[in-house]
Amino acid sequence: MTRPHLPSAPRPKAGQQRALWRAPASASALALGLAEAACGHDGLVLAITRDSHAAQSLEHDLRVLAGGLPVLHFADWETLPYDLFSPHPDIVSQRVAALYRLPTTRKGVLVVPVASLMQRLPPPAWIAGNTLDLTRGQKLDLDAEKRRLEAAGYRNVPQVLDPGDFAVRGALLDLYPMGADQPYRIELFDDQIDSLRSFDPETQRSDHAVESVRLLPAREFPLDADSARRVRELLRERFEFDPRRCPLYQDLKEGGAPAGIEYYLPLFFDRTASLFEHLSGDTLVVLGDGVAEAAEAFWAQTSNRWEQRRHDIERPILAPAEIFLPPEELRASLNKTARIEVCGQAHPQRDKAVAMAEQPAPTLPWSQKGGDPGAALHGFLRAYPGRVLMAADSAGRREALIELLASAELKPAAVAGWDAFLAGNEKFAITVAPLEEGFALDAPPLAVLTERQLFPERAEQSRRRRKAARDPDTVLRDLSEIQLGSPIVHEDHGVGRYHGLVVLDTGGVRGEFLQIEYAKGDKLYVPVAQLQLVSRYSGASPELAPLHSLGGEQWEKAKRKAAEKVRDVAAELLEIQARRQARQGLALPLDRAMYEPFAATFPFEETPDQLTAIDAVIADLGKSQPMDRVVCGDVGFGKTEVAVRAAFVAATAGKQVAVLVPTTLLAEQHYRNFRDRYADWPIRVEVLSRFKSAKEIKAALAQLAEERST
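As the structure is a computational prediction, the values presented were derived from the model and not from experiment. (Residues numbered from 1 in each chain as written. Predicted model: local features only at pLDDT ≥ 70, side-chain atom pairs only at ≥ 80, totals over all residues. Heavy atoms only, no water.)

Caption draft 1: Quick peek at the overall build of the protein. Each helix and strand in the protein was counted, giving 21 helices and 25 strands. With respect to the three principal axes, the spread of C-alpha positions in the protein is 85 × 85 × 55 Å. Expressed as a percentage of the 710 residues in the protein, the buried residues total 45%. Sequence separation of at least 24 residues holds for 71% of the intrachain contacts in the protein that already meet a minimum separation of 6. Of the side chains in the protein, 87 bear a positive and 98 a negative charge, and the two mean positions are spaced by 3 Å. (Helix = DSSP H or I, 4+ residues; strand = E, 2+ residues; numbered from the N terminus. Buried < 20%, exposed > 50% of the residue type's maximum accessible area, 1.4 Å probe, protein only. Contact = heavy atoms within 4.5 Å. Lys, Arg positive; Asp, Glu negative; His and termini not counted. Charge placed at Lys NZ, Arg CZ, Asp CG, Glu CD.)

Shown next, in the form of structure tokens:
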């Protein structure tokens, strides 16, 4: 079966500069119409959204619905105008990579928040002229390359962890190029590149070999000595300030990259460019709903922040018009392009706009309150003349939905994705497609349903969270977590006291170091890039923490003794675990048809860790081995809901559940929480505490004994 022709956003006709498109009822339908327009347009499509959240939602929907069409994203800095800190290296990496790719991108969709579109950028020639390829077999002067990397904004660090880092160790050059997904290790033989291999920044282990590596600039402006001198001279010419009291000036003088230097970008160039100058000629612009209003609001916010900060004599700042395009200049640039304007309810020309042949997806609540829980979905599938696709957020959710639908005798066909569904002929199918919203098309008749249609009361989930790569409790993540004089533990040298940050010159490179004082006044200086080697002191009394001696054997003895104790405890735990695994426990079946509607009534969005704990506990309940799990969390982080879900699974499996708490107050609190959560379900909740009379307690215990309480 061939791919059907889907509705598309209206493109400007010959001789016209713009087309008006009535905003679809569903954000995902808008993404579909945009994807179809991009497929039919011989050039790049620039989609402008009102904010970063709308940009991310549109981008992810496009990645599902646009097939093989390239989808690019020009990220926002995620800082407020004139902030005193710089964007995260990952964001800078994404932006530099996008600026490099855009001039040669002839087809695809670029998604941009309007605030990012208003930023003034480096000229395209500077990005292209400061890009270098390293190839195996190529000659490389390591000292010269080190200077070039520093001039391009790369950071010389002891260990490469983030984009923009590099480290030199003998004949090895570790490098994390901007725009790359992983760092690379370059090994030299004399002055020739002998091997190029990717490596894991966490384990530092080399991976597979590559033939070449492309080095993009580490920032959106040069950081060589001449550029820094130019900026210092311009600052002195344009502002009245004392350079000795200006951290920005002093950092530039010392060869560093001051925090927030991005808001001085125009001083590095004779002329800046806009994003429009980085695009290929035949670009079609799509203006999202509310973009004009968002541009005006961003300009007003920027102007207010400039007015509040421009009188600081220790940090002179540039006027907003030097850093951003004013709204009128943005409108002038947009008026020169072919464009589609998405007209929302408040748009003055909405009545003249072309509507897309689509409808919002129907709400088909899955209910357990008597009868067929999937009756609404059954009725829709019988009455709907077209094909229906159930879109799941992940592979795990797809399997859960398949099990849920099977309980109502519904068996959708599993397909590989959106394109596979369009190419097939299944009447009812399911796939992994993390869409923002469901939608229904009139021609061809086709409906896409998400979990929001089945469980409309469920709090909206953020489906694209990043999970932490490390255990957050194992390392010291931020220097703000420790105070001067606090005891801290270095992995190799033991317990010392933190005495703040100092700036040292090592091998001609200035850097920040933690100063740790040990016994007898000895001091250790740890680069901030090696913060992962330092952890909190967890002894009983920080004031009485025993300090170790640098170079002494006390710390090594303590580590050996601890390792021996760990082995003893590990052996004991292994024995206990072996006995536990040998025993047969009680496996509780999960009634997915009841559990999913119950989980959907949780009025809050689950946190990633909370979802992980819930899934792990429910998985434990379904195993035949005895359960062995402790759920830890601070007050207010959702431990009660984990217990509520586990108790629900046990109760619906025909078991009684006892929840033990340490105080009467907690007993009353949990009683109310459990009673409220189970209000719509045939589960009886009682509490035994000193607030109950002897008669009430006796009656409750009698009901338990008779197994009348469920």
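There is more to say, and it comes next.
Caption draft 2: A look at a nonpolar patch on the surface. Taken together, the side chains of Val 569, Leu 573 and Ile 576 define a hydrophobic patch exposed on the protein surface, amounting to about 230 Å² of accessible area. By the element assignment, Leu 573 lies in helix α16 (residues 554-582). Given the relative accessible area of 53%, Leu 573 is considered exposed. (Patch = residues over 30% accessible without salt bridge, like charges linked within 9 Å, V, L, I, M, F, W, Y side chains within 5 Å. Areas by Shrake-Rupley, 256 points an atom, 1.4 Å probe, with all protein chains shown as cover. Salt bridge = Lys/Arg side-chain N within 4 Å of Asp/Glu carboxyl O.)

Caption draft 3: Structural detail: the packing of helix α19 (residues 639-652) against helix α20 (residues 664-677). Contact geometry for α19 and α20: axes closest at 11 Å, N-to-C directions at 55°. The orientation of α19 with respect to α20, classified from their angle, is oblique. Crossing hand, α19 versus α20: right-handed. In this structure, α19 contributes Thr 640, Glu 641, Ala 643, Val 644, Arg 645 and Ala 647 to the contact, and α20 contributes His 670, Asn 673, Phe 674 and Arg 677. (Axes fitted to C-alpha atoms, helices over the stretch in contact; angles between N-to-C directions. Parallel < 35°, antiparallel > 145°, perpendicular 65-115°, else oblique. Left-handed = near helix turned anticlockwise from the far one by under 90°.)

Caption draft 4: Broad picture of the sheet that holds strand β7 (residues 165-169). Spatially, 6 strands are ordered β6-β7-β8-β9-β10-β11 in an open sheet, and the strand pairing comes out mixed. Edge positions in the sheet fall to β6 (155-156) and β11 (206-209), since each of these pairs with one other strand and no more. Pairing between β6 and β7: 2 bridges, direction parallel. Paired with Arg 155 across the two strands is Asp 165, which belongs to β7. (Pairing = 2+ DSSP bridges.)

Caption draft 5: View of helix α6 (residues 142-151). Three or more residues of α6 are buried, namely Leu 142, Glu 145 and Leu 149. Summarising the axial view, the buried residues of α6 lie within an arc of 60°, below the 170-degree limit, and thus occupy one face. Among the exposed residues of α6, those oriented more than 90 degrees off its buried face are Asp 143 and Arg 147. Taken together, the buried residues of α6 touch β5 (132-135), β7, β8 (172-175), β9 (184-189) and β12 (212-215). A distance of 3.1 Å separates the backbone nitrogen of Asp 143 from a side-chain oxygen at the start of α6, and that oxygen is part of Asp 141. (Arc of directions from axis to C-beta. Polar contact = N/O pair within 3.5 Å; in protein donor to acceptor, adjacent residues only side chain to side chain.)

Caption draft 6: Focus on unusual backbone geometry. The omega torsion across Ala 443 and Pro 444 is -5°, close enough to zero to call that bond cis. Among the secondary structure elements, Pro 444 is positioned in the loop between β19 (439-441) and β20 (446-449). The phi dihedral of Tyr 82 falls on the positive side, at around 70°, and the residue is not glycine. Along the chain, Tyr 82 falls in the loop between β3 (71-73) and α3 (89-101). The class for Tyr 82 is buried, based on a relative accessible area of 6%. Its identity is not glycine, yet Lys 520 carries a phi of approximately 65°, on the positive side. On the secondary structure map, Lys 520 appears in the loop between β23 (509-517) and β24 (523-527). Classification of Lys 520 as exposed rests on a relative accessible area of 76%.

Caption draft 7: Highlighting the nonpolar core. Judged by nonpolar contacts, the single largest core of 51 residues is most densely connected at Leu 46, Ile 48, Leu 110 and Leu 275. If we skip the residues at most four places from it in the chain, Leu 110 touches Leu 44, Val 45, Leu 46, Ala 47, Leu 72, His 73, Phe 74, Leu 102, Leu 275 and Leu 279. Residues Ala 9, Ala 37, Ala 55 and Leu 284 belong to the second largest nonpolar core, which totals 41 residues. (Core = buried A, V, L, I, M, F, W, Y, C linked by side-chain atoms within 4.5 Å.)

Caption draft 8: Structural view of the side chain of Glu 668. Positionally, Glu 668 belongs in helix α20. Buried charged residue Glu 668 carries no salt bridge. Nearest counter-charge: Arg 672, at 4.5 Å. Here Ser 689 takes part through its side chain, which lies 3.3 Å from a polar atom of the side chain of Glu 668. Those residues in contact with Glu 668 that lie beyond four places of it in its chain are Val 687, Ser 689 and Phe 691.

Caption draft 9: Local environment of the sheet that holds strand β13 (residues 284-287). Sheet architecture is open: 6 strands sit in the order β1-β14-β13-β2-β4-β3, paired in parallel fashion. Looking at the sheet topology across the chains shown, the edges are occupied by β1 (18-22) and β3. On average, each strand axis in the sheet is inclined to that of its neighbour by 20°, with strand direction left out of account. Pairing of β1 with strand β14 (residues 338-343) involves 5 bridges; the strand directions are parallel. Of the residues in β14, the one forming a bridge with Arg 18 is Arg 339. Helix-sheet contacts for helix α2 (residues 52-65) involve β2 (44-49), β3 and β4 (108-113), and the interaxial angle to β4 is about 160°.

Caption draft 10: Fine view of the packing of helix α17 (residues 592-600) against α19. Two elements in contact, α17 and α19, have axes whose closest approach is 11 Å; the angle formed by their N-to-C orientations is 150°. Here α17 is positioned roughly antiparallel relative to α19, judged by the angle of their axes. By crossing handedness, the relation of α17 to α19 is classed as right-handed. Where α17 approaches α19, its residues Met 594, Tyr 595, Phe 598 and Ala 599 are matched on the opposing element by Val 644, Arg 645, Phe 648, Val 649 and Thr 652. When its residues are assigned to classes, the contact of α17 with α19 shows 7 nonpolar, 1 polar and 1 charged. (Nonpolar A, V, L, I, M, F, W, Y, C, P; charged D, E, K, R; others polar.)

Caption draft 11: Here's a closer look at α19. In this model α19 runs 20 Å from its N-terminal to its C-terminal C-alpha over 14 residues, within 8% of the 20 Å that 1.5 Å per residue would give. Buried residues dominate α19, accounting for 10 of its 14 residues. Within α19, the full set of buried residues consists of Glu 641, Val 642, Val 644, Arg 645, Ala 646, Ala 647, Phe 648, Val 649, Ala 650 and Ala 651. (Expected span 1.5 Å × (residues − 1).)

Caption draft 12: Examining the side chain of Asp 174 more closely. Checked against the element boundaries, Asp 174 lands in strand β8. At a separation of 3.1 Å, a polar atom in the side chain of Asp 174 contacts the side chain of Arg 169. Side chain to side chain, Asp 174 and Arg 185 meet in a polar contact 2.8 Å long. Setting aside its immediate chain neighbours within four residues, Asp 174 contacts Val 160, Asp 165, Phe 166, Ala 167, Arg 169, Tyr 184, Arg 185, Phe 199 and Gln 204.

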